[in-house]
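A look at the structure
Letter by letter, the chains look like this.
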Amino acid sequence: DAMFFDWGSFNEIMQTWDGIKDGYIDHVAMHVGESGGYDVINARSPDFGIEIANKISLRGLSGFVNFRRIHQADVQMEITAGSPVNLTVTDPDGFVISSNSTIPSDEEYIREIPGILYYLEMEKSSDGNPIDRVYSPILKTGNYTIDVAPVAGSSPADTYHLEFKGESQTTILAENALLNQIPSEGYGIVVEKTGAISPFIPISIDIKPDSYPNTINLGSNGVIPVAIFGSATFAVVQIDPSTIKLANAGIKLKGNGQLVANYEDVNGDGFADIIIHIITEALELTEIDEKAELNGFLLDGRNIKGSDSIRVVP
């Protein structure tokens, strides 16, 4: 068994903890069996290092919570990168964690959104770089997006590995991929209500380009222009326009049956974009919706997803 304590800061002069409880376990003492009256080891202070004690005296200290057995953390979702890379992960509820997501603590360097997302750099991989892990006790339904960034000093010729693990399914997103080919749009995973997971390519879109807020009148019989942006790692000519839907509404057809879509560099970044026109009356939106999601497929069958803010009016 282990002894768990919710202690405040240790006072080196008084040799006691201040007893302030903040709801977090700050200290763990390990029961190791009786030897000369001592049956517990713990490291109460960096200055004192590992010490021996007995559980009877320790359980009387302010801040003692309970005896418990150490068990493996409850993990339903885990993202792993073997790498000279750092991760930024956004979950379906919009929570974001990265290697820079730190919580001030007297006890340790903590990178977490308590109960939601945790970021760890632990053992090193065979290339000598630390393995980055983002995990959660909950596998949420919806879209996860993962951005990958090279660490300082890495070489463009270095490679990385990226995988997403659910409760019973693992998807490899990158294997021996070159750092100079990291997709600017990142990686995506959609989790279904059944728990099934599948990858998608996150894309950048702009509903009603050059307009903000993106007001949509559901009573209109017109169309809504939407720009899908290309980049150095994503060519819009790969898209099958016939599969594109915004909030389940498709692209308007011309009189000859062709889709209303054209290619141009909308944002002036030197990469071709595609402008499509969505049938307004077919949009499955309500007045309380603040975001519209675009779904579609590339010509090779890969799924793409993007979203933008909206303001719906009657």
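One structure accompanies this document, and this report is about it. Within any chain, residue numbers begin from 1 and follow the written order of that chain's sequence. Two thresholds apply to this predicted model, a pLDDT of at least 70 for residue-level local features and 80 or more for giving and counting side-chain atom pairs, whereas whole-chain, interface and lining totals are computed over all residues. Only hydrogens and water are set aside when side-chain values are computed; all heavy atoms of the structure are taken into account.

1. Concerning the environment of phenylalanine 229
We apply this condition: Each helix is a run of DSSP H or I of at least 4 residues and each strand a run of E of at least 2, with the numbering of both proceeding from the N terminus. Throughout, a residue-residue contact means that at least one pair of heavy atoms, one from each residue, lies within 4.5 Å.
As for its position among the elements, phenylalanine 229 is in the loop between strand 21 (223-228) and strand 22 (245-246). For the pair phenylalanine 229 and glutamate 264, spaced 35 residues apart in sequence, the C-alpha to C-alpha distance is 9.6 Å. If we ignore the near neighbours within four places in the chain, the residues touching phenylalanine 229 are Ser204, Ile205, Asp206, Phe234, Val236, Val266, Asn267 and Asp273.

2. Some remarks on unusual backbone geometry
Going from tyrosine 212 to proline 213, the amide bond is cis rather than trans, its omega being 0°. Its location among the elements puts proline 213 in the loop between strand 19 (205-207) and strand 20 (215-217). Backbone geometry places lysine 208, a non-glycine residue, at a positive phi of 55°. Mapped onto the secondary structure, lysine 208 falls in the loop between strand 19 and strand 20. Backbone geometry places aspartate 210, a non-glycine residue, at a positive phi of 65°.

3. Focus: the sheet that holds strand 9 (residues 85-90)
How we decide: Being paired, for any two strands, means DSSP has found at least two bridges between them.
Read from one edge to the other, the open sheet built from 8 strands follows the order 10-9-14-17-18-26-25-22, with strand pairing classed as mixed. Since the sheet does not close on itself, it has two edges, and those belong to strand 10 (96-98) and strand 22, each with one partner. Of the strand pairs in this sheet, strand 9 and strand 10 are connected by 3 bridges, and their pairing is antiparallel. Counted as the bridge partner of valine 89 is isoleucine 97 from strand 10.

4. Examining the pairing of strand 26 (residues 303-309)
Selection criterion: Each residue's exposure class comes from its accessible area (1.4 Å probe, protein chains only) as a fraction of the maximum for that residue type: buried when under 20%, exposed when over 50%, partly exposed otherwise.
Where burial is concerned, most of strand 26 is hidden: 5 out of the 7 residues are buried. Pairing of strand 18 (residues 197-202) with strand 26 involves 2 bridges; the strand directions are parallel. Its bridge partner lying in strand 26, isoleucine 201 is registered against isoleucine 304. Two strands pair when backbone bridges link them, and strand 25 (residues 291-297) and strand 26 are joined in this way by 7 bridges, in the antiparallel orientation. Note that in strand 26 the partner of asparagine 295 across the bridge is lysine 305. As consecutive antiparallel partners, strand 25 and strand 26 are separated by 5 residues, and within that stretch glycine 301 has a phi angle of approximately 95°, a positive value.

Distances and angles like these do not, on their own, reveal function.
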